[in-house]
Amino acid sequence: MKNIAPAIFPPNGIGDTKPTNQAVLDWVHEIGNLTKPENIFWCDGSERENEFLIAESLKQNVLIKLNEKKVPRSYLHRSNPNDVARVEKVTFICTPTKEEAGPTNNWSDPADTYSKLYGLLNGAMGGRTMFVVPYIMGPPDSPLTKVGFEITDSKYVVLSMRIMTRMGKIALKRLGNDPKAEWNRGVHSLLDVDPDRRFICHFPQDNTIISIGSGYGGNVLLSKKCFALRIGSYLARKQGWMAEHMLILGVESPEGRKHYVAAAFPSACGKTNFAMLIPPAHFNGWKVTTVGDDIAWMEIRDGRLFAVNPENGYFGVVPGTSYKSNPNAMKSIEHDTLYTNVALTDDNDVWWEGKDGAPPKHAIDWRGNDWTPDSKEKAAHPNSRFATPMRNNPALDPDVEKGEGVPISAIIFGGRRSDTVPLVYEAFDWNHGVYLGATMASETTAAATGTVGKVRRDPMAMLPFCGYNIGDYFRHWMDIGKRLTNPPLIFNVNWFRKGENGKFLWPGFGENMRVLKWVIDRCEQTGGALKSPVGWLPSPHDLDLEELDIDHKSVADLLGIDHEEWQKELAEHKMFFDSLGGVVPEELQKQREQLVARFNE
Ligand code: GTP
Ligand code: SPV
Ligand code: MN
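Residues numbered from 1 in each chain as written. Chains lettered and ligands numbered in written order. Predicted model: local features only at pLDDT ≥ 70, side-chain atom pairs only at ≥ 80, totals over all residues. Heavy atoms only, no water.

1. Notes on the nonpolar core
In step 1: Residues Leu305, Tyr339, Ile408 and Trp477 are the most contacted members of the largest nonpolar core, which totals 117 residues.
In step 2: The dominant element in this core, judged by the number of residues it contributes, is helix H8 (residues 223–239), at eight residues.
In step 3: Not counting chain neighbours up to four residues away, the residues in contact with Ile408 comprise Ile248, Tyr260, Val261, Ala262, Met298, Arg304, Leu305, Ala307 and Pro488.
In step 4: Leu249, Phe283, Trp506 and Leu559 belong to the second largest nonpolar core, which has 37 residues in total. (Core = buried A, V, L, I, M, F, W, Y, C linked by side-chain atoms within 4.5 Å. Buried < 20%, exposed > 50% of the residue type's maximum accessible area, 1.4 Å probe, protein only. Helix = DSSP H or I, 4+ residues; strand = E, 2+ residues; numbered from the N terminus. Contact = heavy atoms within 4.5 Å.)

2. A word on the side chain of Asn309
In step 1: Structurally, the position occupied by Asn309 is in the loop between strand E17 (304–308) and strand E18 (313–317).
In step 2: Residue classification places Asn309 among the buried positions, given a relative accessible area of 2%.
In step 3: In terms of polar contacts, Asn309 uses its side chain to reach the backbone carbonyl oxygen of Val291, at 2.9 Å.
In step 4: Within the structure, the side chain of Asn309 is placed 2.8 Å from the backbone nitrogen of Glu311, a separation counted as a polar contact.
In step 5: Excluding anything up to four places from it in sequence, Asn309 contacts Gly138, Pro139, Arg166, Ile248, Val291, Gly292, Ile295 and Met390. (Polar contact = N/O pair within 3.5 Å; in protein donor to acceptor, adjacent residues only side chain to side chain.)

3. Here we look at the coordination of the manganese ion (ligand 3)
Six octahedrally arranged donors around a metal ideally form angles of 90 or 180 degrees; four tetrahedrally arranged donors ideally form angles of 109.5 degrees.
In step 1: Every protein donor of the manganese ion (ligand 3) is listed here as Lys225 (NZ), His245 (NE2) and Asp294 (OD), and their distances to the metal cover 2.1 to 2.4 Å.
In step 2: Donor residues for the manganese ion (ligand 3) sit on one chain with the sequence pattern K-x19-H-x48-D. Taken together, the positions of His245 in the loop between strand E12 (242–244) and strand E13 (247–252) and Asp294 in the loop between strand E15 (287–292) and strand E16 (296–301) put the pair 49 residues apart, joining distant regions of the chain.
In step 3: Of the residues examined, His245 reaches a relative accessible area of 0% and is grouped as buried.
In step 4: Under the relative-accessibility criterion, Asp294 is labelled buried at 8%. (Donors = N, O, S within 2.8 Å, 3.2 Å for Na, K, Ca; no water.)

4. Digging into the sheet that holds strand E19 (residues 338–340)
In sheet architecture, strand pairing relies on hydrogen bonds along the backbone and comes in two forms, parallel and antiparallel.
In step 1: Taken together, the five strands give an open sheet; going across it, the order is E2-E3-E19-E24-E18, and neighbouring strands pair in mixed fashion. If you trace the sheet from one side to the other, it starts and ends with strand E2 (64–65) and E18, each paired once.
In step 2: Summarising the sheet, strand E3 (residues 75–77) and E19 pair through three bridges and their orientation is parallel. What sits directly across from His77, in E19, is Thr340. (Pairing = 2+ DSSP bridges.)

Written out as C-alpha cells, the structure reads:
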C-alpha cells in the first residue's frame with residue numbers, strides 16, 4: 001500500500017505520555033500488533049506537541065501555512081478530491097441484530113465486520129506513526145462528560161481533534177486507572193484513501209468505532225458524529241439521557257432575562273449560523289450567545305432538560321460565510337484556524353465563494369489547480385470547512401464550561417424546504433413536538449456525498465446519526481417527555497421557503513432573531529398565536545417585523561398553510577412511517593391521524 005502518511009520521529013519529551021489505565025494499554029497494544037506501525041505517538045495535548053506536529057505536517061505537505069499577517073497561526077489542508085464529505089452509504093451500525101440498527105441504518109454483522117476490517121487493517125500502519133489521542137467530550141466537571149481514545153495514522157486528525165475536543169492529559173486524568181471504566185475506542189486509518197475501501201463502522205455494544213479509507217471530517221474525527229451522536233445516542237437511550245444533532249444558544253433580553261434554546265437542523269442547514277446570530281439593530285439590547293453549534297448532550301434535572309455542548313470547537317461550513325451573513329464566525333476564523341478544501345490566494349490568504357469583497361484575480365482551488373473568476377469550477381469545495389476553537393467565538397456563552405449544563409426552554413426543529421413548511425409554528429404539546437421532529441424533511445446538501453437538493457425525511461436531523469432503531473429512538477423521546485415536569489416548548493422553523501421567483505422569501509441569518517423572539521415570547525406566555533391544523537402559528541402581527549424590508553405578500557406566503565401542498569405532505573408522512581416497517585410507536589401514528597383530522601375539520 002502506498003504510504004501517504006510517513007512516520008515522524010519526535011524528540012524526547014514529545015509523544016511519550018503513556019496512559020496508565022491497563023485497559024487502554026492493552027487495546028493500543030492489540031491495535032499496534034494488528035496495524036504494525038513504525039512507532040507509537042502518545043498525545044498529551046501540549047503546546048509543544050502541537051508545534052512539533054504542525055512542523056512535521058508542513059514538511060509532509062499535509063498542511064500549507066497561511067499568511068501570518070492575514071490569518072495568524074492558521075493552516076490549509078486539502079483532502080483527496082474523492083474524499084470531501086461524509087459517506088452515508090458506507091456508514092454502518094453493527095449491532096448484534098439487524099432489528100437493533102433498525103430500518104434507517106446500514107447494518108452489518110459485528111463478527112463479520114470486525115473480521116473484514118481487521119483484515120484491511122492488517123499492517124495498514126507499516127512505515128507510519130500510530131497516534132493515540134485521548135480526549136473528553138463535555139465540560140471537564142460535567143456528569144455527562146465521557147472519555148474517548150482515537151487511534152489514527154493521520155496528523156490532520158490529531159491536529160483537528162486538538163481543536164474539536166478537550167484533548168490530552170485531561171482525558172487520562174478523567175479516565176483514571178479503573179480498567180472497567182467506560183470509554184470509547186476509536187480506530188482510524190487512512191489506508192490509501194480508496195473509496196472502495198472506505199468504511200465507517202460503529203459497534204455500539206462495544207463502545208467501539210472503526211473508520212478506514214477516509215481522511216475527511218465527519219468520517220474521521222471520531223469524537224463527533226461517530227461517538228457524540230451514533231454511539232452517544234445508543235448510550236443515551238440505555239442511560240436515560242439524550243444525544244442530539246442540535247446547536248445550543250442563549251438569548252438574553254434587554255431586561256436581563258435569559259433563555260436557552262436547542263435547535264436540530266440537518267447538516268448544512270444553518271446550525272452554526274443560528275448559534276452565532278447577531279440581532280439586527282431593531283433588537284437593540286438583545287444578546288445571543290453560543291453554547292454549541294452542532295451537538296447537544298442533555299439530561300433531566302428537577303424535571304427540566306439541561307444541555308451541554310460536548311465539543312470544544314466548531315467544524316463549520318465555509319462557503320457563504322461572510323461579515324454580512326455571520327460576523328461572529330468570521331471573527332472566529334481570523335486566526336488559529338485549520339481550513340480544509342478552501343481556495344488559496346497568491347498571497348497565501350484563504351478565499352471561498354460568498355466571502356466579502358471581490359474574488360481574487362487568481363487563486364489555487366481546493367483541488368490544487370489554478371483558478372480565476374472565469375473558471376467553471378468552484379474555488380472552494382461546497383463542503384469546505386473550518387475547524388476553530390470555540391474560545392475564538394466573540395459570542396461564546398459564559399456558561400459553556402458549566403458542568404450542570406444550561407436549562408433548555410425551547411427545542412426547535414427545522415429543515416430546508418422550498419415549499420409547504422411555514423417560517424415557524426409551535427407544537428401543541430411534547431408528543432406533538434416529537435411528531436414534528438419525527439416527520440421533518442430537508443433538501444439534501446453537500447455535507448454528505450450524493451445528490452444535493454432532494455427532499456428526504458430526516459427525523460430530528462438524526463437520520464444519518466441515530467445509532468439504533470429509529471422506532472426506539474422516537475419512543476425514547478416520548479419517554480423523556482413523560483419524565484419532564486417542565487418540558488421545553490417545541491417549534492418547527494423553515495428559513496428556506498421560496499417564492500414564485502425561486503428566491504428565498506425570508507432574509508434569514510441575523511433576521512432569524514425575529515422568529516427567535518416569538519419563540520421566547522411563547523416561552524414567556526406573552527406571544528400571540530393562531531390555532532392551525534399543523535400547530536400554533538404566529539399571525540403577521542405576532543412577529544416583530546419592524547424595520548424589516550419585506551412585503552405583506554411575502555409574509556403571508558411565509559406563514560401560509562397551502563392545503564394542497566399539505567395533502568401531499570400528509571401522504572408523505574404516511575409513506576415515511578410505512579417505509580419504517582412497523583417500528584413507529586402507536587402514539588405517533590395517532591398524532592398523524594389527528595393531524596389529518598384537523599385538516600378535515
Ligand atoms: P453542519 O456543520 O453540516 O451540521 O451545518 P450547519 O447546520 O451548522 O449549517 P451552517 O450554519 O453552516 O449553514 C449551512 C449553509 O446554510 C450555509 O451556506 C449558510 O450560508 C446557509 N444558511 C444558514 N442560515 C441561513 C439562513 O437563515 N438563510 C439562508 N438562506 N441560508 C442560511
Ligand atoms: C455534518 O455533516 O452534520 C457536520 C459535518 O457537522 S461532519 O463533521 O463532516 O459530519
Ligand atoms: Mn452537523
